[in-house]
Amino acid sequence: MGLLEAIIISVIAASTPLLLAAAGELVVERSGVLNLGTEGMMIMGAACGFAGCWLTGSTFIGALCGIAAGCALSLVFAALTLGLAVNQVAAGLALTILGVGLSGLIGAGFVGEKITPAPHLYLPVLTGLPFIGKILFGQDGFVYFSVALVIGIWWFLYRTRAGLVLRAVGDSHTSAHALGYPVLKIRLLAVLFGGGCAGLGGAFLPLAYTPFFIPGMTAGRGWIALALVVFSSWMPGRLAAGAYLFGAVTIMQLHAQAFGLGIPSQLMTALPYLATVIVLVLISRARGSAGSVAPASLGIVFVPDR
Amino acid sequence: MQLVLEKRVERSTKIAILSPLLAIALTLVTMSILFAILGKNPVMALYVYFVEPLTDSFTLMEIAVKATPLVMIAVGLSLCYLANVWNIGAEGQFIMGAVCGSYLAVVTNGTDPGPWVLPAMLVMGAAGGALWAMIPALCKVRYGANEILTSLMLVYVADLIMDYLVRGPWRDPKGMNFPTTASFDPVATVPTLFETGRIHWGALAALIVVALATVMLGRTIKGFEIRVVGAAPRAARFAGFNSKKLVVFTFAVSGALAGLAGIIEVAGPVGVLQPGISPGYGFTAIIVAFLGRLNPVGILIAGLFLALTFIGGEGAQISMKIPLDLTKVFQGILLFYVLACDSLILYRIRLIASPKKAAHGTA
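Numbering of residues starts from 1 in each chain and follows the order in which that chain's sequence is written. Here the convention is simple: chains get letters from A, ligands get numbers from 1, in the order in which they are written. Owing to the predicted nature of the model, reporting of local features is limited to residues with pLDDT of at least 70; listing and counting of side-chain atom pairs is limited to 80 or more, with chain, interface and lining totals taken over all residues.

**Quick notes on the overall build of chain A**
- Runs of H or I in DSSP of at least four residues are treated as helices and runs of E of at least two as strands, each being numbered from the N terminus. A tally of regular secondary structure across chain A gives twelve helices and zero strands.
- In chain A, the succession of helices and strands from N to C terminus is α-α-α-α-α-α-α-α-α-α-α-α.
- Exposure criterion: with C-beta atoms placed from backbone coordinates, a residue whose C-beta has 20 or more other C-beta atoms within 10 Å is buried, one with 12 or fewer is exposed, and one in between is partly exposed. When the 306 residues of chain A are sorted by exposure, 54% land in the buried category.
- Remark: residues whose backbone-derived C-beta atoms lie within 7 Å of one another are considered to be in contact. Of all intrachain contacts in chain A linking residues separated by at least 6 positions in sequence, the fraction that spans at least 24 positions is 78%.

This is the structure we're talking about:
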C-alpha cells in the first residue's frame, strides 16, 4: 500500500466522527437550536457504544447503543431548553459536564478491555483495485453511513417540504408558529436527531478507530464539530469538505510526529485546536461585510404565546 | 392535558431565593437513586459526601482551599455571563496564569532573590490569564468569531503549553524524569494562614474579590453597564454603552482572576508546576457561577458547596469505593436542576386541558 493511499484512508477515518457529529448538529442549528452538548453526547456515545459491543460482540448493536445514549442525553437537553425555556448555552455546557462524568462512570469497568473493530467492506474485484480500491470499497460501515447521512441531510433540507419547514422554524420561529407549524415539536425531533448523530460519531471512536475505550477519548472532537458547523455556513456540502480538511490536519500532525521533525509533539497535538480558532476567525472575518448567514432564530428561546 | 409555560408578570422573588435550594434538594434525590443503582447505601453515601467533611477541622480547611480558586474564577465568569459574554475557557486562563507566574519561580529557583518574587509572580499570573483571555475577546470584537468555541479551544492549547514546559525546558533536573518543575522556594510560595492545615492567604484574596465584585456590580457605573448590556442590549446601545469594549473588559477581568487563581493554586497548596494542577476548576466554576445566581455573595456560598463535593467525593472514594467520576455527574446534574429551577422565576408552569381550547380561551 502506497503512503498516499494510507494517508487518505487514515484521513477519512479521522474525519468520520467529526462528520457524523457535525452533520447532526447542522440539522439542530438549522431548526434554531444551539446544542453545545455535542462533546458530552459524543463521549457518552463512545462509552455506551463500547459497552454495547463488548457485551454483545456486535459492532452494530454497539453503534445502536451509542445512538441511544446520544438521544437520551439530547432528550434531557430538549426538556430543559424547549420545555422549560432554559438558556441553550448554559444547558449545553451542563450536558457536556454531565456526559463526561457519566461516561467515566459507565466506561470505568471497560478500560483495558478490547473488542473486535468494525469489519471493513470487501468486494472481490473492486477492493483489489489499485489505489482507489481500498479508499472507495474497503471502508467500514460508519464511513459509508456518514457520507450517505450528509447527502440525505442535503436532500432533506433543500428538496423536501419538511426540510423547508425546519429551515423556516430556524429562521423565524414566530412566523412559523403563526403559520401553525409546531415549532417545539419540530425542534424536539431535530435535537433528538442531532443527539443520535453525535452518539454515533462518538461510538465510532472505540468501535472502529481504536478498538478500546479510554475516558475522555473524544478529546474535544465535539467542540471541533460545533466549529465545523460555523465553518460550513450551515451547508451540508461545505460541512463535508470542512470535516475532511480537519481530519487531514489531525493526520498531518501524527505523520509529522512520526517523521520527528524536531517540533515539540505538544505543538503538533495543538494543531487541530489552533486550526479551529484560525478558521473561525477567517470565516467570521470574511462574512463581516456580507452579514451573518446563521439561522436567524439560532439560540433564541421560544415560548409560544397561546 | 398539557404542560405549558406562562410568562410571569413579575419575577418571583420568593422562587429566586428558593430555586438554588430546590435544585440542591432535587440533586440529592437524584444522587440517592444513583447511589442505590451503584449498590451503595444512599444514606451512608450522602453522609460521607456532604456531612462528614464538615465534622473535621482538617477537611473544613481543605474545603476552603478548594473553594478559593472556584470562587475567584466564578466571580470573573459571572461578570461575563451577566454581560452575555460566554467565556468558557477559564480552565485555560487558569493554566496560563499558573504558567506565567511560575516562570519567575522557576528562573529564581535556589538563588534566594528576596521577598519581591511572590508579588511579582501574582502580577504575572493575573497578566498571563488576562492576556490568554484577550485572544478570544479580540477575535470576537475584531472579526466576530464565536467566543464560546475559541475560548474553549484555547484550553487544550494552554494545557499542551504547560505540558511542553514541564516535560522540556522547565523540568526539575533532580526530578527523576517526572514531568514537574522543581519545588518552589519558600519566598515564591503563598504562606499558610495558620500553623497547621493548608489554608493560605489566597482564601482571603478570594474574599476580597467577592467584596470588590459586590461593590462594582451594585455601586459603580461599570457594574450597571454590565447588567444593562446583558439584559437589554438595545437599551444599552441607546445609553451609549460600547458592547465591544465590554467584551474586552469582562474577558480581561475574568481572565485575570482565573490566572490569579492559577498562580495562587500553584504557589500555594501545590508548590510546583505540574500537569493536573486543576481537577477542572475552570469548568466547575461555571456551575458555581450559575448556582450562585451570578451574584458574588451567592458565588461564595456556591463555591464552598461545590468544594464540599470535591472533598466529599474523595472521601467517598476512599471509604466507600465510589468512583470519583460521580462527583462530575453530581455537578452536571446540579447545573441542570439549577437552570431548570431558574426558569420558574420567569415562568409559571400550567397544566391545561388541551392546547387548542386554551388558545381560544385566553386570546
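**Quick word on the overall build of chain B**
- Broken down by element type, chain B carries 14 helices and two strands.
- Put simply, the radius of gyration uses C-alpha atoms, and a globule should come to 2.2 Å times the residue count raised to 0.38. Scaling as 2.2 N^0.38, a compact globule of 363 residues should have a C-alpha radius of gyration of about 21 Å, and chain B matches this with 22 Å.
- Summarising its shape, the C-alpha atoms of chain B cover approximately 80 × 60 × 35 Å along the three principal directions.
- By residue count, 52% of the 363 residues in chain B fall in the buried class.
- Within chain B, residue pairs in contact and separated by at least 24 positions form 78% of the contacts whose partners lie at least 6 positions apart.

**Brief notes about unusual backbone geometry**
- A positive phi angle is found at S233(A), which is not glycine, with a value near 55 degrees.
- Within the secondary structure, S233(A) sits in the loop between α10 (221–231) and α11 (236–259).
- For N84(B), which is not glycine, the phi dihedral falls at a positive 65 degrees.
- For N84(B), the location among the structural elements is in the loop between α3 (57–82) and α4 (90–107).
- Residue N84(B) is classed as partly exposed on the basis of its 17 C-beta neighbours within 10 Å.

**What about the nonpolar core?**
- Remark: nonpolar core denotes a set of buried Ala, Val, Leu, Ile, Met, Phe, Trp, Tyr and Cys residues whose joining runs through C-beta atoms within 7 Å. In terms of nonpolar packing, the biggest core is built from 231 residues, with A22(A), L228(A), I73(B) and L339(B) touching the most fellow members.
- When residues of this core are assigned to their parent elements, the largest contribution, 15 residues, is made by α3(B).
- For each domain, the first and last residues come from an automatic or database assignment. Counting the residues that make up this core, at least three belong to each of domain 1 (1–38 + 323–363) and domain 2 (65–320) of chain B.
- Excluding anything up to four places from it in sequence, A22(A) contacts A225(A), L228(A), V229(A), L239(A) and A243(A).

**Some thoughts on the interface of chain B and chain A**
- Across the boundary between the two partners, chain B contributes 42 residues, which contact 40 residues of chain A.
- Per-element accounting of the side of chain B that touches chain A gives the leading share, twelve residues, to helix α13 (residues 325–346) of chain B.
- Residue type decides the class: Asp, Glu, Lys and Arg count as charged, Ala, Val, Leu, Ile, Met, Phe, Trp, Tyr, Cys and Pro as nonpolar, and the leftover types, Gly among them, as polar. For the side of chain B that touches chain A, a count of residues per class yields 30 nonpolar, eight polar and four charged.

**Examining the domain arrangement of chain B**
Residues and elements named next belong to chain B.
- Along its sequence, chain B is carved into domain 1 (1–38 + 323–363) and domain 2 (65–320).
- Centre-to-centre, using C-alpha coordinates, domain 1 lies 30 Å away from domain 2.
- Taken together, the contact pairs eleven residues of domain 1 with ten residues of domain 2.
- At eight residues, the largest contribution of residues to the side of domain 1 that touches domain 2 is made by α13.
- A breakdown of the residues in the side of domain 1 that touches domain 2 according to their chemical character gives nine nonpolar, two polar and no charged.

**What about the confidence of the model for chain B?**
- For every residue, the pLDDT score states the predictor's confidence, bounded by 0 at the bottom and 100 at the top. Confidence in the prediction for chain B averages 88 pLDDT; 97% of positions are at 70 or higher.
- Here the predicted complex carries an ipTM of 0.86, next to a pTM of 0.88.

**Comments concerning the packing of helix α12 (residues 265–287) of chain A against helix α6 (residues 147–167) of chain B**
- Between the N-to-C directions of two axes lies an angle of 0 to 180 degrees, each axis being a line fitted to C-alpha atoms and, for a helix, fitted only over the stretch in contact. Running from N to C, α12(A) and α6(B) point in directions that differ by 160 degrees, and their axes come no closer than 9 Å. If you check the angle between α12(A) and α6(B), you find them roughly antiparallel. For α12(A) against α6(B), the interelement crossing comes out left-handed. Here Q266(A), T269(A), A270(A), Y273(A), L274(A), T276(A), V277(A) and L280(A) of α12(A) come into contact with α6(B), specifically with L149(B), T150(B), M153(B), L154(B), Y156(B), V157(B), L160(B), D163(B) and Y164(B). Geometric relationships in this document are graded by angle, where less than 35 degrees denotes roughly parallel, more than 145 denotes roughly antiparallel, 65 to 115 denotes roughly perpendicular, and other angles denote oblique. For any pair of crossing helices, the crossing counts as left-handed if the nearer helix is rotated counterclockwise from the farther one by less than a right angle, and right-handed if it is rotated clockwise.

**Some points on α10(A)**
Residues and elements named next belong to chain A.
- Of all eleven residues in α10, eleven are buried; the element is thus mostly enclosed.
- Buried residues of α10: R221, G222, W223, I224, A225, L226, A227, L228, V229, V230 and F231, and no others.
- One or two residues past the end of α10 sits S233, with phi positive at roughly 55 degrees.

**Examining the confidence of the model for chain A**
- This prediction gives chain A a mean pLDDT of 88; 97% of its residues lie at or above 70.
- Confidence scores differ between elements of chain A, with helix α5 (residues 132–137) of chain A showing the lowest mean pLDDT of 77 and helix α9 (residues 183–209) of chain A the highest of 95.

**Quick look at helix α1 (residues 3–30) of chain A**
All names here are of chain A.
- Here α1 spans 39 Å end to end across 28 residues, near enough to the 40 Å set by a 1.5 Å rise per residue.
- For a residue, the bend is simply the angle between two axes, fitted respectively to the seven-residue segment ending there and the seven-residue segment starting there. Bending of α1 peaks at approximately 35 degrees at the position of S15, with proline P17 no more than four residues after it.
- Phi turns positive, to about 95 degrees, at G32, one or two residues after α1. For a helix, the expected span equals 1.5 Å multiplied by the residue count minus one.

**Structural notes on the environment of C71(A)**
Residue and element names in this part refer to chain A.
- In this fold, C71 is placed in helix α3 (residues 59–83).
- For C71, a count of 22 C-beta atoms within 10 Å corresponds to the buried category.
- Expressed as a C-alpha distance, the spacing of C71 and C197, which sit 126 residues apart in the sequence, is 8.4 Å.
- Beyond its immediate stretch of four places on either side in the chain, C71 contacts L192, G195, G196 and G199.

**A few points about the packing of α1(A) against α10(A)**
Residue and element names in this part refer to chain A.
- The contact between α1 and α10 brings their axes to 8 Å, and the two run at 55 degrees. Comparing their axes, α10 and α1 come out oblique. Two packed elements cross with a definite hand, and for α1 against α10 that hand is right-handed. Counting all contacts with α1, which are made through P17, L18, A21, A22, E25, L26 and E29, the residues of α10 involved are R221, G222, I224, A225, L226, L228 and V229.
- Considered class by class, the residues forming the contact of α1 with α10 number ten nonpolar, one polar and three charged.

**A word on the environment of V157(B)**
- Mapping V157(B) onto the fold places it in helix α6.
- Separated by 172 residues in sequence, V157(B) and V329(B) place their C-alpha atoms 25 Å apart.
- Excluding residues that lie within four positions of it along the chain, V157(B) makes contacts with A270(A), Y273(A), L274(A) and G92(B).

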